[in-house]
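Report on the structure
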Amino acid sequence: MSRFLRAICGLFLIVTTSVGSFSHLETYDKYYHYNDLTALLKRYHADYPAITSLFSVGRSVQGRELWVMRISDHPNEREPGEPMFKYVGNMHGDETLGRQLLLYLMRYLCDNYGKDQRVTRLVDSTDIYLLPSMNPDGFEVPSRENAHKKDLNRDFPDQFANYPHKPQPETKALMEWIVSQPFVLSANLHGGSLVASYPFDDRPDQRDGYSKAADDAVFRHLAHVYANAHPRMHLPNQCLGDNFKGGITNGANWYGLTGGMEDYNYIHSNCFEITVELSCIKYPSASTLHSEWLDNRESLLLYMEEVHKGIKGFVYDEDGNGIPNATVSIRVINHDVLTAADGDFWRLLVPGTYTVTAHAVGFEAETHADVVVSDGPPTNLIFRLKRASLVDDTEEETSVDGKHFEPSQFRHHRYDTLTAFLRNYANKFPDITRLYSVGKSVRGHSLWVLEITDHPGKHEPGEPEFKYVGNMHGNEVVGREMLLLLIQYLLENYGHDDQLTKIVDTTRIHVMPTMNPDGYEIAHEGDVSSTFGRQNAHRVDLNRNFPSLFHRPQRSPEPETKAVMQWLDDYPFVLSANLHGGSVVANYPYDDSVSGHSLYSKCPDDDIFRQLALAYSMAHTRMHKFNHCPNYQYEHFKDGITNGAAWYALVGGMQDYNYVHTNCFEITIELSCTKFPWQKQLKSFWLENKPALVAYIEEVHRGVKGFVRDVNGDPVEKARIDVVGRDHPIRSATDGDYWRLLTPGVYTLRVSKDGYQPATQTVIVPKLGAVDASFTLQLSEQTTPSPSVGVKLQASSISFESEITEDRKDVADKISTPTDLGFSSQKFEASKDTSTSTPATSAAGETTHASSTQMPSTNEKSTPSTDSIVVSTKTAVEENKAVASSREPIVDPTLPSVTTSSLTSSKTQSVGGQKALTPTLARDSVQDSATSQAMPPSTIRMSQHSEVTLPSITSNMDASVGVVVKSTMETSLQQIPTYHRSSKEVHEKMVALSKSCSIISHMEMVVMTEEARLVMALVLSDNPERHEADEPEVVLVGNTDGLNAVGQEMLMLLMEELCLGYGKDASVTQLVNSVRMYFIPLLHADGFSQASEGTCGEGGELHGQVLNTFCDWMKSHQVSVVYHVGLGNKLDNSWDHLEFGLQPFAKYVSDVFFSHQTSNSTSSCDVKEPINSCLGTKSVHLPVSCCSYPHTSELSDHWMGHKLALLTVLCHSRLGLHGSITDSNGVSLSGVSVTASWQQFNLTVQTGSDGDYWLPLLPGDYKIDLKAKGHSQVSQAVSVKNSLVPDEVDFELAVNDPHILGLSVPAFAAVLSIFSVVVLVVGAVISYRTYRTYRKYDSVRRGFRPLRATFSDGKHSKYLLNPNEDDSGDEEEIFNARRH
């Protein structure tokens, strides 16, 4: 009994001890949801306040805190010299193991602090941060994505992806946390495999394959540390389909992804992060949690201890104060870290010997060579930086013969000494200099420019502007120093040297010595050919970072790139040179080629660029006869010049950008074989380049110059100057002046500007200097729309309820727009009349507005004309009565039913929080319903089907569906529209529009033609960068045959109408906010190059690879309908090219278009633009002219006659049904077939990547069928309302559970498995017994003991086989005996 009691007491002690140690985390067999997790964290913080602090870095979409538990011996303060470490879990909501392991790790560290020596040492020496769940919303579902259905590990800015980034709340919180804290090491815990993955996750070409980071060796070591300590991770074939050598993998080599968090940590902070996949199962059973913790505990601890490897230390000034944000660089590793607030730093390194440099703004750099790093504790380094001596270079000058100045001091200038140098000269020569900055680098260094001219600070009319740019690559420094010497040379000799004085007096010179100050600061003297310091602080090559003519750059523009692009927009530069190093040659455009291969890529001004390159090369003392650099013996440049792409092709170069996007001609000059030569070599470089630097500036004064003025002598800004035969126009500057570089010869110049008559002039360009050719432009005669058709437009009492929320108002306020080009604050709807309209006026003569949102008129001086549009009002109820009295009910059973009940509501409710074009009623309604006359029902003849009657289009149909289109309709254009006469000019205008309303626009490349012309799409949407599920995507395309210039111009004008009206006009704002529009005004760019004004005919179709590429572009977008604006007959009712189910909607929209025309220009055409095969099945043809290329004077009539119709059609694009489709776990399903059916009509679309769909449908009742592989089929009846507030219907599909032979798949599999086992067992028994029988038989045959068989009848056995007898047939006898 006593023994039993002792056992009970012992058991009690064990249980109580266990309960004490697990007092906060009672069990391993459950997951902690958000509320439990929050309570657990708060309890642990309360119980361990001395070593923990609890805070949130932000909130999720649904408002859940992103909790972080900080564990350290001083948890409420940062200890200088103590490294910061973090673990992040549950980034994907359904990958749950990391979340739980971090809770267990928290418990382990807290409970064992002060008890376990290893844990105590780790907590005392490390600042540890644990974030158990980055995606708490996704965990609660569970779902991989956050509540906005965004994958957070595809949501960070990416070094290789060229797209503007709008991070999710969770992502934004993590980004701010990462960049604001000096973390040293981190791991991101995932699930779905068993491997440690390290950067980079992405590649420049966006393909799978090894993508090596600068610290690849460190990352491989870190990944091995985790994998090797795990009992299974380092073993092969742990998860189905995965086999990782040693349990580690490079991220992109496994599979590439864009926007990953581990890459973001490395690129944008000091932090090294890997991604650890913890289990083959993303959401393992809770019963396995304890074993998973035991498997990962040692790996988690060892990985944290790796934060104490490499080098550490402080960077102090001479007084012993820590220097924050000092840069610590490792020679030959192109990745530096910054010091923290106290000057402390940590830099992870694998064992080896290194050269370490510390430098900071305002201080001289200090280098420690032969720094040995072991596999043990970190190597400690202390830097004490001396303040930089800001030498005044003006005091170091020498002169020859008392007047002419020659520099005598040749040395390298770091950022601070360079800044002091420029300020000294700006102060010494204030009358001819101005120092300004065009922006800042990533690290905050100013991009200084020194302007040198006789009247600095302003553009002198007629004086050309020139620029030099140096040090674009940070370790190519000769250009930087040559420009500083050139500044000295020009300024000190001004007034003493006639040639130099004339240059300064007649030229506005801008000198940027360094475009990449950050890269320079980490470069090192003596570098011959490395890339260390070449890139900016984001490790981006700035000469691969500009928008390109032929190919899309790999990255978004960097701060330095953006600054230079803006600089080019701000100044009318004529000529430029970009100074580099690494060879000795003058390189001219293009740098890129159509194919991307290295071959001669000629631009339209190839002869001019060759002349410019030769001007520098020949003036250089040795460039024109230079053989080759020692490291590049294969390079030989005749006369010291080369076409860029013929040397080697590159995408995103600055010289191509200058030429393509501005007036400026730029070449790239390579000045030295050595990138960062020793200081003693600088004098020889100056002597070689001095005459060339001066001679090249003088080239800006060649060609043609002049002014463009109007008949009153006023300057005409941005007039287009074309050289006939050259596809490269330039634009006049603010004062109407222009410079056009040309080689000697005879040329014809053509000057044009919207609203003016073109002018031409033939000039002879001399060998020296420039010829003056000024132009006086006559105003064009302005035409007004003909009132003969007479559509009376009445101001409706129904207007859009303001949807411009506070954030939208901010957006609208940021868009600077000129006077509105046609949309006023009036609201209009069409009704038949022979007069035009006037705004409704009050008794006092003031214009009144029925809109619920009051907006001032953009043309306050205009007086309402008797020829303008008549205005009247009516209520929605009166409209419905008018509809009922003027139209017979639609009874055709083949059509969707249209009910009037949906039209009687004064306010349409939005569905599912969608952006609704919501009508509201004005108080006063004076319009008689009898004024609304119905048009006869339309008829559509379907191929192989019967005629079907569609809903009639009445004058009040717009109001019935909740849309009002506004237009002044008097000649609202400020200037008469003119043609864009080349694909380049179309592209330039689209770029200009995109910049003027950048918040709602985005340029997207569609295709590059065979003749290297770029076809672009301008996207207009309130969220232009991303697809939105609640917006239909429509494509508006023009000029598909190369001759249809009129359709092209209608779309150009429509783009301008929407772009410039956004935020100023409520209807335009509503339209852009609710429809995603892709404008492709010029599709057949090669064909258009052969077209001419006055041509009326049909062109050709796209073909070959260009057509295939365009088709691929169409397939990559969720386009609901295509509007093909162009040539054709309004009476053409052929719809055979359309997808059959889309035909009723297309016919209805077509009738809407024709009923809102105020022009009959397409009533009797006998031509029609060909239907492009990629557009055909979704293309609604909207003809605007019978002539493909009518005269300029007719454009205004075409525009004014179709503007209202085009806008109304776009509003009707929201008719239909949309929604999203998920599985039972809430995961979006892409590729689901969604079919809407009624009678013989079937319209099918596929869901996109977000599981969303959009069906353009007329109002009525439909059957919706959904089919998805692996999921059950769903059918549902749905009604579509007669409203432009689209119906939203979401679906959930269950995973398909098919039956086989009446059994479910699992049951059938179980039965099949049992049957297979039985068959195998029986087969094995039979095989074994047969084998034994044959063995005995074989023994008898070989003379061994005869086989004796015993029969089942009990009789004595007999010998069946005798070696001396014939044994034929004995085998059969044996088997017969066994059967008895």
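Residues numbered from 1 in each chain as written. Predicted model: local features only at pLDDT ≥ 70, side-chain atom pairs only at ≥ 80, totals over all residues. Heavy atoms only, no water.

1. Thoughts on the overall build of the protein chain
For clarity, the cut-off: Working definition: helices are DSSP H or I runs of at least four residues, strands are E runs of at least two. Numbering for both runs from the N terminus. Buried means the residue's accessible area, taken with a 1.4 Å probe over protein chains only, is under 20% of the maximum for its type, while exposed means over 50%, and partly exposed covers the values in between. Two residues qualify as a contact provided that any one of their heavy atoms is within 4.5 Å of a heavy atom in the partner residue. Per-residue and other accessible areas were derived by the Shrake-Rupley procedure at a 1.4 Å probe size, with only the shown protein chains allowed to occlude residues.
Of the regular secondary structure elements, the protein chain holds 31 helices and 57 strands. Per-residue burial for the protein chain yields a buried fraction of 58% across its 1380 residues. Restricting the contact set of the protein chain to residue pairs at least 6 apart, pairs at least 24 apart contribute 76%. Taken as a whole, the protein chain presents about 54900 Å² of accessible surface, with 51% of it coming from carbon and sulfur.

2. With respect to unusual backbone geometry
Here the bond from V141 into P142 is cis, since omega is -5°, no more than 30 degrees from zero. As for its placement among the helices and strands, P142 is situated in the loop between α5 (136-140) and α6 (169-180). A cis geometry characterises the amide bond from P199 onward to F200, with omega recorded as 0°. Secondary-structure assignment places F200 in the loop between β6 (193-198) and α7 (216-229).

3. Here we look at the nonpolar core
To keep it simple, the criterion reads: Here, nonpolar core means buried Ala, Val, Leu, Ile, Met, Phe, Trp, Tyr and Cys residues that are tied together by side-chain atoms lying within 4.5 Å of each other.
Of all hydrophobic cores here, the largest spans 186 residues; its most connected members are Y468, L1058, M1077 and Y1123. Formed by 86 residues, the second largest nonpolar core is a distinct cluster that contains L54, L102, V123 and A187.

4. Structural notes on the environment of K166
Tracing the backbone shows K166 in the loop between α5 and α6. C-alpha of K166 to C-alpha of F156: the two residues are 10 residues apart in sequence and 8.8 Å apart in space. Apart from residues lying up to four places away in sequence, K166 is in contact with D155, N1023, P1024 and R1026.

5. What about the state of the cysteines?
Between two cysteines, a covalent bond joining their sulfur atoms is known as a disulfide. Filter applied, for reference: The criterion for a disulfide is a pair of cysteine sulfur atoms lying within 2.5 Å.
Going through the model one piece at a time under the given rule, you end up with three disulfides. Disulfide pairing is shown between C629 and C673; the S-S distance is 2.1 Å. For the disulfide bridge between C629 and C673, the dihedral angle about the S-S bond is near -85°, and by the sign convention the bridge is left-handed. Taken together, the residues C629 in the loop between α16 (606-619) and β24 (641-643) and C673 in the loop between β25 (665-672) and α19 (682-698) connect sequence positions 44 residues apart. With respect to burial, C629 and C673 carry one shared label: buried. A disulfide bridge connects C997 with C1059, and the sulfur atoms are separated by 1.7 Å. In this structure, the disulfide formed by C997 and C1059 twists by about -110° around the S-S bond and is classed as left-handed. In this pair, C997 is assigned in the loop between α23 (983-996) and β40 (1001-1008) and C1059 in helix α24 (residues 1045-1061), connecting sequence segments 62 residues apart. The same class applies to C997 as to C1059, namely buried.

6. A few points about the side chain of N536
Rule in force here: Two N or O atoms form a polar contact when they lie within 3.5 Å of each other; inside protein one atom must be a possible hydrogen donor and the other a possible acceptor, and for residues adjacent in sequence the pair counts only when both atoms belong to side chains.
The topology assignment puts N536 in the loop between α14 (517-522) and α15 (559-570). Residue N536 is classed as buried on the basis of its relative accessible area, which comes to 5%. Within the structure, N536 has its side chain in polar contact with the backbone nitrogen of V540 (distance 2.9 Å). Here the side chain of N536 touches E558 through a polar contact of 3.0 Å, side chain to side chain.

7. Topic: the packing of aromatic side chains
What counts is decided by this rule: Stacked, edge-to-face and tilted labels apply to pairs of Phe, Tyr and Trp rings (six-membered ring for Trp) whose centres lie within 6.5 Å, assigned for plane angles under 30 degrees, over 60, and everything in between, in that order.
All chains considered together, the criterion is met by 47 aromatic pairs. For the pair F546 and Y657, a centre-to-centre distance of 5.5 Å together with 45° between the ring planes defines the contact as tilted. On the criterion of sequence distance, the pair formed by F546 in the loop between α14 and α15 and Y657 in helix α18 (residues 654-661) is long-range, its members being 111 residues apart. The pair formed by F546 and Y657 is uniform in burial state, with each residue classed as buried.

8. A look at helix α2 (residues 34-47)
As a reminder, the rule being used: By this rule, a helix spans an expected 1.5 Å times one less than how many residues it contains. Throughout, the arc means that of the directions going from the helix axis to the C-beta atoms.
With 14 residues, α2 extends 20 Å from end C-alpha to end C-alpha; this agrees with the ideal 20 Å at 1.5 Å per step. Listed as buried for α2 are Y34, L37, T38, L40, L41 and Y44. Buried residues in α2, looked at end-on, bunch into an arc of 165°, giving them a common side. Residues of α2 that are exposed and angled more than 90 degrees away from the buried face: N35 and A46.

9. Focus: the pairing of strand β9 (residues 311-317)
Rules: At least two DSSP bridges between two strands are needed for those strands to be called paired.
With six of seven residues buried, β9 lies mostly within the body of the structure. The sheet contact formed by β9 and strand β12 (residues 344-347) spans four bridges and is antiparallel. Looking at β12, one finds that K312 is bridged to W346. Strand direction decides the pairing type here: β9 and strand β15 (residues 379-385), joined by seven bridges, are parallel. By the bridge assignment, V315 is partnered in β15 with F383.

10. Some thoughts on helix α28 (residues 1143-1155)
For an α-helix, 3.6 residues make a turn, and residues three or four places apart therefore share a direction. For α28, which comprises 13 residues, the first-to-last C-alpha distance of 18 Å matches the rise-based estimate of 18 Å (1.5 Å per residue) to within 8%. Summarising burial for α28: 13 of the 13 residues are buried, a large majority.

11. Some remarks on the environment of S1237
By the secondary structure assignment, S1237 is in strand β47 (residues 1233-1238). Note on S1237: relative accessible area 14%, which makes it buried. Between the C-alpha atom of S1237 and that of A1277, which follows or precedes it by 40 residues, the distance is 9.6 Å. S1237 has contacts with N1242, Y1262, K1263 and D1265, leaving out every residue within four places of it along the chain.

12. Quick notes on the pattern of salt bridges
We apply this condition: Salt bridges are defined by distance alone: a side-chain nitrogen of Lys or Arg within 4 Å of a carboxyl oxygen of Asp or Glu.
Under the counting rule described, the total for this entry stands at 46 salt bridges. Across the salt bridge formed by D295 and R232, the nearest N and O atoms sit 3.1 Å from each other. Taken as a pair, D295 in helix α10 (residues 289-305) and R232 in the loop between α7 and β7 (248-250) lie far apart in primary sequence, 63 residues in all. We note a salt bridge from K428 to E492, for which the minimum N-O separation is 3.2 Å. Here K428, found in helix α11 (residues 415-428), pairs with E492, found in helix α12 (residues 478-492); they are 64 residues apart in sequence, far enough to count as distant.

13. Structural notes on the sheet that holds strand β19 (residues 446-452)
Basically, it comes down to this: Comment: axis = line fitted to C-alpha atoms, over the contacting stretch for helices; angle = value between 0 and 180 degrees taken between N-to-C directions.
Pairing is mixed across the open sheet formed by eight strands, whose spatial order is β18-β19-β21-β20-β22-β25-β23-β24. The outermost strands of the open sheet, each flanked by one partner alone, are β18 (433-440) and β24. Taking the axes of each pair of neighbouring strands and ignoring which way they run, one obtains an average angle of 25° across the sheet. Inspection of the sheet shows strand β20 (residues 465-470) paired to strand β21 (residues 508-512) by five bridges, in the parallel sense. When the bridges of β21 are listed, V469 appears paired with M512.

14. Examining a nonpolar patch on the surface
Our working definition: The patches described consist of residues with a relative accessible area above 30% and no salt bridge, like charges being joined within 9 Å and nonpolar side chains (Val, Leu, Ile, Met, Phe, Trp, Tyr) within 5 Å.
Together, I1314, V1318, V1322 and I1326 make up an exposed nonpolar region whose accessible area comes to about 370 Å². By the element assignment, I1314 lies in helix α30 (residues 1305-1341). The exposure class assigned to I1314 is exposed, which follows from its relative accessible area of 57%.

15. What to know about the confidence of the model for the protein chain
Quick reminder of the rule: One number per residue, pLDDT, summarises how confident the predictor is, and it ranges from 0 to 100.
The share of residues in the protein chain with pLDDT of 70 or more is 74%, and the mean pLDDT across the chain is 78. Across residues 782-974, confidence stays below pLDDT 50; counting only partners more than four residues off in sequence or on other chains, it has 412 contacts. Counting interchain partners and residues more than four positions distant, the pLDDT-below-50 stretch residues 1340-1380 has 42 contacts.

16. Some remarks on the sheet that holds strand β14 (residues 366-373)
Spatially, β11-β10-β13-β14 is the arrangement adopted by the four strands of the open sheet, whose pairing is antiparallel. Two strands close off the open sheet at either side, each with one partner strand: β11 (333-338) and β14. Strand after strand, the sheet turns through a mean of 25° between neighbouring axes, direction not considered. Pairing geometry for strand β10 (residues 327-330) and β11, over three bridges, is antiparallel. Of the residues in β11, the one forming a bridge with I330 is I333.

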